[in-house]
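Remarks on the overall topology
Below, each chain spelled out in residue letters.
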Amino acid sequence: FMYSLKLKKMALLGNFIVAFCSSAPYLLGAMAVGLIKMSVILLILAIMIIAISGSLSREIIKDAWDIKGDLAQGIKTLPSLIGIRPSAAFSLILQVITLFVSIVTYLVYFSGNWLFLLVILFSNILFLVASFRLIINPEVSVAKQGRYITRIGLLLGAMAFFIVALTEIPLI
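One structure accompanies this document, and this report is about it.

1. Re the overall build of the chain
Within the chain, the secondary structure is distributed over eight helices and zero strands. Listing the helices and strands of the chain from first to last along the sequence gives α-α-α-α-α-α-α-α. Here the chain, with 172 residues, has 43% of them falling under the buried criterion. Within the chain, counting contacts between residues at least 6 apart in sequence, those at least 24 apart form 77% of the total. Within the structure as shown, the chain displays about 9100 Å² of accessible surface, and the carbon and sulfur contribution to it stands at 76%.

In structure tokens form, the structure reads like this:
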């Protein structure tokens, strides 16, 4: 409700808050079970960066899909302010950050867990494809497809960390 009432009208701020909220369960989960060691905090921070940058990228793609309605209602989203193509380029930059942090997280924390690497890379590829397609063809219909592609990417990203939880329990 608050998002629709106030935050959606604030370009990027509303998107960032939604993205941050999507990352909060990782931190809150670690706090709930008492995992407050520095090594775990750094891992949680990396996971949160992955979640925030990925979710923010998806929110921008979703805003591109909503651009006609947002323009008609005077709602200031990134695509309505700067256009779909530049917004998609920003989304792509966020995805490159997500990919980089995903790879570093694998190398530092989960090296050797090939299943995690495969799933997290496929998730990143889906996001990259959605952003690239929107840069190449900045149309609402492509943004709509990107919305669905990134939904699958989000699910795979969450699955990658679920895989880690199942295969690397004595992580801490």
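2. Digging into the layout of surface pockets
Of the voids in this model, the second largest pocket is the one considered here, and its volume is about 230 Å³. Forming the boundary of the second largest pocket are 19 residues, of which I50, A51, L154, G157 and A158 lie nearest the centre. Residues that form the lining of the second largest pocket fall into these classes: nine nonpolar, 10 polar and no charged.

3. Side note on the packing of aromatic side chains
The geometry of an aromatic ring pair is captured by two quantities: the separation of the ring centres and the angle between the planes. This structure, assessed with the given rule, holds six aromatic pairs. Ring geometry for Y109 and F110: centres 6.2 Å apart, planes at 50°, overall tilted. Residue classification places Y109 among the partly exposed positions, given a relative accessible area of 25%. The exposure class of F110 is buried, given its relative accessible area of 1%. Here the aromatic cluster, defined as three or more aromatic residues joined through ring pairs, consists of Y106, Y109, F110, W114, F116 and F161. Above the ring of W65, the side-chain terminus of R147 is found at 4.0 Å from the ring centroid.

4. Here we look at the pattern of salt bridges
Counted by the stated rule, this structure contains one salt bridge. Between K62 and E59 there is a salt bridge, and its shortest N-O distance comes to 3.4 Å. One end of the pair is K62 and the other is E59, both in helix 3 (residues 38-65) and three residues apart, which spans about a single turn. Residue classification places K62 among the partly exposed positions, given a relative accessible area of 23%.

5. Notes on the nonpolar core
If you look at the biggest cluster of nonpolar residues, it comprises 27 residues, and the most contacted ones within it are F110, F116, L134 and F161. Within the residue set of this core, elements represented by two or more residues are helix 3, helix 6 (84-109), helix 7 (114-136) and helix 8 (140-167). When residues in this core are grouped by element, the largest group, eight residues, is from helix 8. Residues I52, L56, I60 and L78 belong to the second largest nonpolar core, which totals six residues.

6. Points about helix 7
In this model, helix 7 (23 residues) spans 32 Å end to end at C-alpha, consistent with the 33 Å of a helix rising 1.5 Å per residue. Turning to helix 7, its buried residues are F116, L117, V119, I120, S123, N124, L126, F127, L128, A130, S131 and L134.

7. Here's the deal with the packing of helix 7 against helix 8
Running from N to C, helix 7 and helix 8 cross one another at 165°; their axes reach a closest spacing of 8 Å. Taken together, helix 7 and helix 8 sit at an angle that is classed as roughly antiparallel. Our pair here, helix 7 against helix 8, has a crossing hand that is left-handed. When grouped by side-chain class, the residues that make up the contact of helix 7 with helix 8 number 20 nonpolar, six polar and one charged.

8. A few points about the packing of helix 6 against helix 7
At a minimum axis separation of 8 Å, helix 6 and helix 7 run at an interaxial angle of 170°. Between helix 6 and helix 7, the crossing angle belongs to the class labelled roughly antiparallel. Of the two elements, helix 6 crosses helix 7, and the hand of that crossing is left-handed. Tallied by class, the residues present in the contact of helix 6 with helix 7 amount to 19 nonpolar, six polar and one charged.

What counts as what
- Residue positions are counted from 1 within each chain, in the order its sequence is given.
- A pLDDT threshold of at least 70 governs which residues receive local features in this predicted model, and a stricter bar of 80 or more applies before side-chain atom pairs are shown or counted, although totals over entire chains, interfaces and linings include all residues.
- For side-chain calculations, the full set of non-hydrogen atoms in the structure is used, while hydrogens and water are omitted.
- Every helix listed is a DSSP run of H or I at least four residues long, and every strand listed is a run of E at least two residues long, numbered separately from the N terminus.
- Relative accessibility thresholds used throughout: buried, under 20% of the residue-type maximum; exposed, over 50%; partly exposed, between the two (1.4 Å probe, protein chains only).
- Contacts are assigned to residue pairs that have any heavy atoms within 4.5 Å of one another.
- For every accessible area listed, the method is Shrake-Rupley and the probe measures 1.4 Å; residues are considered covered only by the protein chains on display.
- Using a 1 Å grid laid over the protein atoms alone, points where a 1.4 Å probe fits but cannot get out form a cavity; open sets with protein on both sides within 12 Å along at least 5 of 7 lines form a pocket; any residue with an atom within 4 Å of a point counts as lining.
- Grid points are joined across faces, edges and corners, and a volume is the space filled by probe spheres set on the points.
- Classification convention: Asp, Glu, Lys, Arg as charged; Ala, Val, Leu, Ile, Met, Phe, Trp, Tyr, Cys, Pro as nonpolar; all other residues, Gly among them, as polar.
- Here a pair means two rings of Phe, Tyr or Trp (six-membered ring of Trp) with centres within 6.5 Å. Their orientation is stacked below 30 degrees between planes, edge-to-face above 60, and tilted elsewhere.
- Counted as over-ring charges are cases with an Arg CZ or a Lys NZ within 6 Å of the ring centre that also lie within 35 degrees of the ring normal.
- Salt bridges are defined by distance alone: a side-chain nitrogen of Lys or Arg within 4 Å of a carboxyl oxygen of Asp or Glu.
- As used in this record, nonpolar core signifies buried Ala, Val, Leu, Ile, Met, Phe, Trp, Tyr and Cys residues forming a set joined through side-chain atoms within 4.5 Å.
- Helix span, as expected, comes to 1.5 Å for every residue beyond the first.
- To define axes, lines are fitted to C-alpha atoms, for helices over the stretch in contact only, and angles between the resulting N-to-C directions are given on a 0 to 180 degree scale.
- By the definition adopted for this analysis, an angle is roughly parallel if under 35 degrees, roughly antiparallel if over 145, roughly perpendicular if from 65 to 115, and oblique otherwise.
- With the far helix as reference, a near helix turned anticlockwise by less than a right angle produces a left-handed crossing, and one turned clockwise produces a right-handed crossing.

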